[in-house]
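# Working through the structure, step by step
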Amino acid sequence: MGYTHVVMTQFGGPEVLKTVEEPSLPEPLSGEVRIKELATSAAFTDVMIRKGKYPGIQEKPPFSPGYDMVGIVDKLGPDATEFEVGQRVAALTVTGAYSEYICLPESALVSVPEGLDAAEAVSLILSYVTPYQMLHRLAQAKPGQRILVHGAGGAVGTAMLQLGKLLDLEMYGTDAESKQELIASLGAVSLDYEHENLTECLRALTGDGFDAIFDPIGGRSLQRSFSLLKSGGMLVAYGFQDAVLGKGGSVPLDLLRLKLWDWLPNGRSTRFYSIGSLYQQHPDWFKADLSHLFELLAQGQLKPVIAAQIPLTEAKHAHEAIEAGRVQGKIVLTMA
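In what follows, the accompanying structure is described. (Residues numbered from 1 in each chain as written. Predicted model: local features only at pLDDT ≥ 70, side-chain atom pairs only at ≥ 80, totals over all residues. Heavy atoms only, no water.)

## Considering the overall build of the chain
When helices and strands are tallied, the chain shows twelve helices and 15 strands. Whereas a compact globule of 336 residues would reach a radius of gyration of roughly 20 Å, the chain reaches 20 Å, a difference of no more than 12%. Principal-axis analysis of the C-alpha atoms places the extent of the chain at approximately 65 × 40 × 40 Å. In the chain, buried positions account for 55% of the 336 residues. Restricting the contact set of the chain to residue pairs at least 6 apart, pairs at least 24 apart contribute 69%. Carbon and sulfur atoms make up 51% of the accessible area of the chain, which amounts to about 14,300 Å² in all. Distance from the positive charge centre (28 side chains) to the negative charge centre (39 side chains) of the chain: 6 Å. (Helix = DSSP H or I, 4+ residues; strand = E, 2+ residues; numbered from the N terminus. Rg over C-alpha atoms; globule rule 2.2 N^0.38 Å. Buried < 20%, exposed > 50% of the residue type's maximum accessible area, 1.4 Å probe, protein only. Contact = heavy atoms within 4.5 Å. Areas by Shrake-Rupley, 256 points an atom, 1.4 Å probe, with all protein chains shown as cover. Lys, Arg positive; Asp, Glu negative; His and termini not counted. Charge placed at Lys NZ, Arg CZ, Asp CG, Glu CD.)

## So, the sheet that holds strand E13 (residues 269–272)
Strand order in the open sheet formed by six strands is E10-E9-E8-E11-E12-E13, with parallel pairing between adjacent strands. The outermost strands of the open sheet, each flanked by one partner alone, are strand E10 (189–192) and E13. Strand after strand, the sheet turns through a mean of 15° between neighbouring axes, direction not considered. The pairing of strand E8 (residues 146–150) with strand E9 (residues 170–175) spans five bridges and is classified as parallel. Following the sheet pairing, Arg146 is matched in E9 by Glu170. Its contacts with the sheet place helix H4 (residues 155–166) against E8, E9 and strand E11 (210–215), and it is angled at close to 165° to E8. (Pairing = 2+ DSSP bridges. Axes fitted to C-alpha atoms, helices over the stretch in contact; angles between N-to-C directions.)

Here you go:
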């Protein structure tokens, strides 16, 4: 019995993603299980990996991208005792999840409650854990505080607004004009990111500024975001989209600026968030946070905004849409 996976043949554009048929299934090693995947996702992090611009990735092409997955335990490897065949599990894979089957260590898996939709469950792993940890682990947001979310119409942005609403935060969100209605429907004051007087508009609306700002854009956007913080506020940067897409900015220089601003005695702080780095430092946090998010999903307190569910073999088209900035919410890749 064989299986299908999507492989990036080299670093580059969406065209480097190719569908490959393998003649036999992978076999789990000691302490591993084999998982028959139900769903993975396409995210901007996958775009960064495909372009060779994601820090910490040591693999060289060809390999399968895919940052997260939900599936069913299909086979136990030697000494694997924590899970049973047929049990539903989730994992932050970073790479490898664009595949119908995958072998992973039991230590990397989180149990998925029965009854959850696989597409909604996989949407939580990267795109909800990220804003949850930025809100709670880094910014330590408190009810009633005021936040600004750039890219608020994307997968992480829409998740941030849902989580912020649960905290009763005063929320403002920026994105393209086409996403304004979605942002407003999630409880935020919606603004066009390309508005020529965006900074002045935000100052007029908020007066003393924001308690926390979440910025995935980088470059010139970081300076603007930092200037909009109130005393004691925090800027959390992640993503560096402009640099990755060749629109300006530099990841090393952006990181240097963040450290400098945080060091200076200006009454404001900065943080850089990477889910992969925090996972390595505190894997217990990731498991606890994802399990809590699964509970909120089961209780109906979260509803992931899923832009589309498309077959794994169409991953190239998903990446094209993400790079073009057309996606409202999350793209889920499903298995045959």
